[in-house]
Amino acid sequence: MVTIDPPTERRCERCGRVETWDEGTDAWVAVERDGDVLRGNPHCVHVWNITGSYNPIGNTS
Ligand SMILES: [Zn+2]
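One structure accompanies this document, and this report is about it. Nothing here was measured: the structure is a model prediction, and the numbers come from that model.

1. Comments concerning the overall build of the protein
- Helix and strand counts for the protein come out as zero helices and five strands.
- Helices and strands appear in the protein in the N-to-C order β-β-β-β-β.
- The burial tally for the protein puts 15% of its 61 residues in the buried class.
- Pairs at least 24 apart in sequence give 43% of the contacts found in the protein among residues at least 6 apart.
- When the accessible surface of the protein is split by element, carbon and sulfur atoms take 46% of a total near 5000 Å².

Written as structure tokens, this is what we have:
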């Protein structure tokens, strides 16, 4: 039995936006680091660095 934990942080490979998962609100929120909120480019079509490796269980019949 393999347990896969969902990622808790993701980063956009295009604009550098970094988000962390907020369990309280069930939403991704931008990370604040060194006093700056890493929002990246608001017009960016974000490409998250976790999408390629994170495969939720569900389609393995
Ligand atoms: Zn982006």
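2. Considerations on the coordination of the zinc ion
- With distances of 2.0 to 2.4 Å, the protein atoms coordinating the zinc ion are Cys12 (SG), Cys15 (SG), Cys44 (SG) and His46 (ND1).
- Between the four donor atoms coordinating the zinc ion, the angles at the centre fall across 107 to 113 degrees, so the site counts as tetrahedral.
- All donors to the zinc ion come from one chain, and their sequence spacing reads C-x2-C-x28-C-x1-H. With Cys15 in the loop between strand S1 (9-11) and strand S2 (18-22) and Cys44 in the segment after strand S5 (36-37), the pair connects residues that are 29 residues apart, well separated along the chain.
- Using a relative accessible area of 24% as the deciding quantity, one classes Cys15 as partly exposed.
- According to the relative accessible area criterion, Cys44 is buried, its value standing at 17%.

3. Notes on the sheet that holds strand S3 (residues 27-30)
- Within the open sheet, the three strands sit side by side as S1-S2-S3. Their pairing is antiparallel. For this open sheet the edge positions go to S1 and S3, each flanked by a neighbour on one side alone. Averaged over neighbouring strand pairs, the angle between their axes works out to 30 degrees when direction is ignored.
- Bridge count for S2 against S3 is four bridges, and the pairing is antiparallel. The partner of Trp21 across the bridge, within S3, is Trp28.

What counts, and where the lines are drawn
Residues numbered from 1 in each chain as written. Predicted model: local features only at pLDDT ≥ 70, side-chain atom pairs only at ≥ 80, totals over all residues. Heavy atoms only, no water. Helix = DSSP H or I, 4+ residues; strand = E, 2+ residues; numbered from the N terminus. Buried < 20%, exposed > 50% of the residue type's maximum accessible area, 1.4 Å probe, protein only. Contact = heavy atoms within 4.5 Å. Areas by Shrake-Rupley, 256 points an atom, 1.4 Å probe, with all protein chains shown as cover. Donors = N, O, S within 2.8 Å, 3.2 Å for Na, K, Ca; no water. Tetrahedral: all angles 85-135°; square planar, octahedral: opposite > 155°, others 65-115°. Pairing = 2+ DSSP bridges. Axes fitted to C-alpha atoms, helices over the stretch in contact; angles between N-to-C directions.

Worth remembering: the numbers are spatial, not functional.
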